[in-house]
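Chain residues, written in single-letter form:
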Protein chains: 2
Amino acid sequence: MTPSPTTPALEPPTLEEIRAARSRIAGDVVATPLVRLGADGPAEIYLKLENLQPIGSFKLRGATNAMAQAEAGELARGVFTASAGNMAQGVAWCARARGIACGVVVPDTAPEAKLAAITRLGAEIHKVPFAEWWEVLVTRRHPRFDGRLFLHPVSDRRVCAGNGTIGLEIAEALPAVDAVVIPFGGGGLTTGIASALRALKPGVRVYTAEPETGAPMAASLAAGAPVEVAYAPSFVDGCGSKSLLVEMWPVVRRLVDGSFAMPLGAIADAVRLLAERNRVIAEGAGATPVAAALAGKAGTGKVVCVVSGGNIDSAKLARILTGELP
Amino acid sequence: MTPSPTTPALEPPTLEEIRAARSRIAGDVVATPLVRLGADGPAEIYLKLENLQPIGSFKLRGATNAMAQAEAGELARGVFTASAGNMAQGVAWCARARGIACGVVVPDTAPEAKLAAITRLGAEIHKVPFAEWWEVLVTRRHPRFDGRLFLHPVSDRRVCAGNGTIGLEIAEALPAVDAVVIPFGGGGLTTGIASALRALKPGVRVYTAEPETGAPMAASLAAGAPVEVAYAPSFVDGCGSKSLLVEMWPVVRRLVDGSFAMPLGAIADAVRLLAERNRVIAEGAGATPVAAALAGKAGTGKVVCVVSGGNIDSAKLARILTGELP
């Protein structure tokens, strides 16, 4: 599965590019706190609270950095992205700030809370079947938004550089960090953070975490090559999928020490624990690394879990809090 | 209602004492983030997220500062406090760190989540009727914990100085702040923050907020003298009461520009909004200032709401999220 000529392997961002991204986005993005998990576990577990970003997820970092580097002429035509919800909010936030049009192609599985937030930000939503949505990620085109600048949620070096600023902040806030666990969706968050850490702290273990209902990274690492897996939709809608983006595999396989496929029950337990002991709301994706760390997957020492976002429907959250879900 | 000889009016902490408190507690307390509320309102509303402290409330600041100034001999006998839950966690946290015994007198209305947290921290809970509990706040004694050092949750200058560090952080993070809204329980949080702001930024408007089911501060300011009010227990268990502590009135009346008695429905709406738009969990007390700011009570401009804590039962939170409560 060599990348085709139309989808060359992504070049990960350099440390210099990540540092430049930090200066570029500083005024728009929250330098999120790193706090201890309020419960005992097999490791000293820390939480990097990206759910405290204005749009409720880390996606603001990459979107802001990419948009800041686009040309004014390109931007004037308007922008669009393909997203299950969080990148859409990132791009829509930036577009609103610049007063330009924003379109979003979403899969028909996208959750209500995320759609409502996209609408609040003034973007136009185009809902399509999952396969058609995935196709946009591969081709970077959709007839509905023809002529507009496409911002890829994952395989864009500027987006990854923006995400990488999380790695800089972790390294500074916790110089003795031993391991970092990152939710794996498309690989853009992983590529950014891991690129920063590999440069600054080569000894740190970098892991990804996925729901076991769709864990292509774990399966592909085990197989030594990208494989497709079964995928079942669940309350974990911000990470996990059927397959890897072909251009991401060569990058992420080099950057990551392992990936953990976590049961939905453990992820729901982590959502509940974060609410009760740290008073923060994580969506399924954001709680998946915490589930892995609590299960001892990331080993001992100082383990940082990237709580990537907190955009979850209130009704769904209520059912997790009362133990009805999953 | 002049303070009796046994309860002299509290002397508020000086700016120097608050600054000294900051150095003293820096290693133990989170310098919490100040973020924008993720919703439009009549003002530019900011949230000081004290619910992100390790024990889920601001009380760690005052407890840490007071305990750090107690003599080793006093501490060796063990400590106790009287608290509806949050100060108890603050004192218990510090006692555990020092390996000394901690007792807590709680009113029988104290919520389960707070009692469970106190127990997890290794403190001994003594549950009494509300009137007996209030008596401990006045007399600073209880036979069950005779001989131990009492740490008052409110009217202790060292506790207020610790709380005042929040004021320093607000002034630094948002130099253009116009108004601050603080939940009013016993007045210790108000005294601390207002003392810092009056010294650093005399032009800032300082307000308190209470649930209308128990709002003695609003009633007393209106009457020009401390008055008793009707009190009904509710999900807002961290602020609001029947009357003021006699030694606090002369202090707080000078420091505060007004107090807002908020309906439970508006407070529940604010809890829900904070969950949905900022991905944080506030207990009723923590959401009360947000309810006031959203209602326009604090006027326009840059309004900081002190989200004092987030310790709420999951079941109760779930019912607020689904609109069943109040």
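Visitor: Got a minute to help me understand the overall build of chain A in this structure?
Guide: Within chain A one finds 13 helices and 10 strands. Relative to the 2.2 N^0.38 estimate, which gives 20 Å for 326 residues, the radius of gyration of chain A is 18 Å and therefore close to what a compact globule would have. Dimensions of chain A along its principal axes, counting C-alpha atoms only, are 50 × 45 × 40 Å. Residues counted as buried form 60% of the 326 residues belonging to chain A.

Visitor: What is the right way to look at the environment of A:Ile18 in this model?
Guide: Residue and element names in this part refer to chain A. Its place among the elements puts Ile-18 in helix H1 (residues 15-25). The exposure class assigned to Ile-18 is buried, which follows from its relative accessible area of 0%. Setting aside chain neighbours within four positions, we find Ile-18 in contact with Pro-13, Ala-161, Gly-164, Thr-165, Leu-168, Gly-192, Ser-195 and Ala-196.

Visitor: I keep staring at the relation of the copies chain A and chain B and nothing clicks. Help me out?
Guide: Here two copies of a chain appear, and what relates them is a rotation about an axis with a shift along it. Superposing chain A onto chain B takes a rotation of 180 degrees combined with a translation of 0.0 Å along the rotation axis, leaving an RMSD of 0.0 Å. The two molecules are tied by a two-fold rotation axis, judged by turn and shift. Counting the interface residues of chain A, we find that 100% of their copies in chain B are interface residues as well, pointing to one common contact surface.

Visitor: Would you mind showing me how to read the nonpolar core here?
Guide: Note on soluble globular proteins: their nonpolar side chains tend to be buried together. Residues A:Leu47, A:Phe235, B:Leu47 and B:Phe235 are the most contacted members of the largest nonpolar core, which totals 88 residues. Excluding residues within four positions of it along the chain, A:Phe235 makes contact with A:Leu264, A:Ile267, A:Ala268, A:Val271, A:Gly284, A:Lys316, A:Ile320, A:Leu325 and A:Pro326.

Visitor: What is the right way to read the packing of aromatic side chains from this model?
Guide: Aromatic ring pairs are reported here in terms of the distance separating the ring centres and the angle at which the planes meet. The tally for this structure, following the rule as stated, stands at 14 aromatic pairs over all chains. For the ring pair B:Tyr207 and B:Phe260, a centre distance of 4.9 Å and an interplane angle of 40 degrees mean the geometry is tilted. Of the two residues, B:Tyr207 sits in strand E8 (residues 205-211) while B:Phe260 sits in strand E9 (residues 258-262), which places them 53 residues apart along the sequence. In this structure an aromatic cluster arises from ring pairing among A:Phe130, A:Trp133, A:Trp134 and A:Tyr231. Over the aromatic face of A:Trp93 sits the side chain of A:Arg96, whose NZ or CZ is 5.3 Å from the ring centroid.

Visitor: Quick question: what am I supposed to make of the interface of chain A and chain B here?
Guide: On the chain B side, the residues contacting the 22 residues of chain A number 22 residues. Of the roughly 1,900 Å² buried between chain A and chain B, counting both surfaces, carbon and sulfur atoms make up 61%. The largest contributions to the chain A side of the interface with chain B come from A:Arg279, A:Ile281 and A:Ser314, which together make up 34% of the buried area. Scanning the region where chain A abuts chain B turns up zero salt bridges. In this assembly, chain A and chain B are joined by eight residue pairs in polar contact (both at pLDDT 80 or more). Secondary-structure elements contributing two or more residues to the side of chain A that touches chain B are helix H11 (264-278) and helix H13 (314-321) of chain A. Along the lines of polarity and charge, the residues of the side of chain A that touches chain B split into 10 nonpolar, eight polar and four charged.

Visitor: How do you make sense of the sheet that holds strand E10 (residues 302-307) of chain B when you look at a structure like this?
Guide: Residue and element names in this part refer to chain B. The mixed open sheet is built from six strands, whose spatial order is E1-E2-E10-E7-E8-E9. Looking along the sheet, the strands with just one partner apiece sit at the ends: strand E1 (34-36) and E9. Each adjacent strand pair in this sheet contributes to an overall mean axis angle of 30 degrees, direction not counted. Bridging between strand E7 (residues 179-183) and E10 involves three bridges; their strand directions are parallel. Within the sheet, the bridge partner assigned to Val-181 lies in E10 and is Cys-305.

The rules we used
- Residues numbered from 1 in each chain as written.
- Chains lettered and ligands numbered in written order.
- Predicted model: local features only at pLDDT ≥ 70, side-chain atom pairs only at ≥ 80, totals over all residues.
- Heavy atoms only, no water.
- Helix = DSSP H or I, 4+ residues; strand = E, 2+ residues; numbered from the N terminus.
- Rg over C-alpha atoms; globule rule 2.2 N^0.38 Å.
- Buried < 20%, exposed > 50% of the residue type's maximum accessible area, 1.4 Å probe, protein only.
- Contact = heavy atoms within 4.5 Å.
- Least-squares fit on C-alpha atoms with pLDDT ≥ 70 in both.
- Core = buried A, V, L, I, M, F, W, Y, C linked by side-chain atoms within 4.5 Å.
- Phe/Tyr/Trp six-rings, centres within 6.5 Å; stacked < 30°, edge-to-face > 60°.
- Lys NZ or Arg CZ within 6 Å of the ring centre and 35° of its normal.
- Buried area = accessible area lost by both parts, 1.4 Å probe.
- Salt bridge = Lys/Arg side-chain N within 4 Å of Asp/Glu carboxyl O.
- Polar contact = N/O pair within 3.5 Å; in protein donor to acceptor, adjacent residues only side chain to side chain.
- Nonpolar A, V, L, I, M, F, W, Y, C, P; charged D, E, K, R; others polar.
- Pairing = 2+ DSSP bridges.
- Axes fitted to C-alpha atoms, helices over the stretch in contact; angles between N-to-C directions.

Remember that the coordinates give geometry; whether it matters functionally is a separate question.
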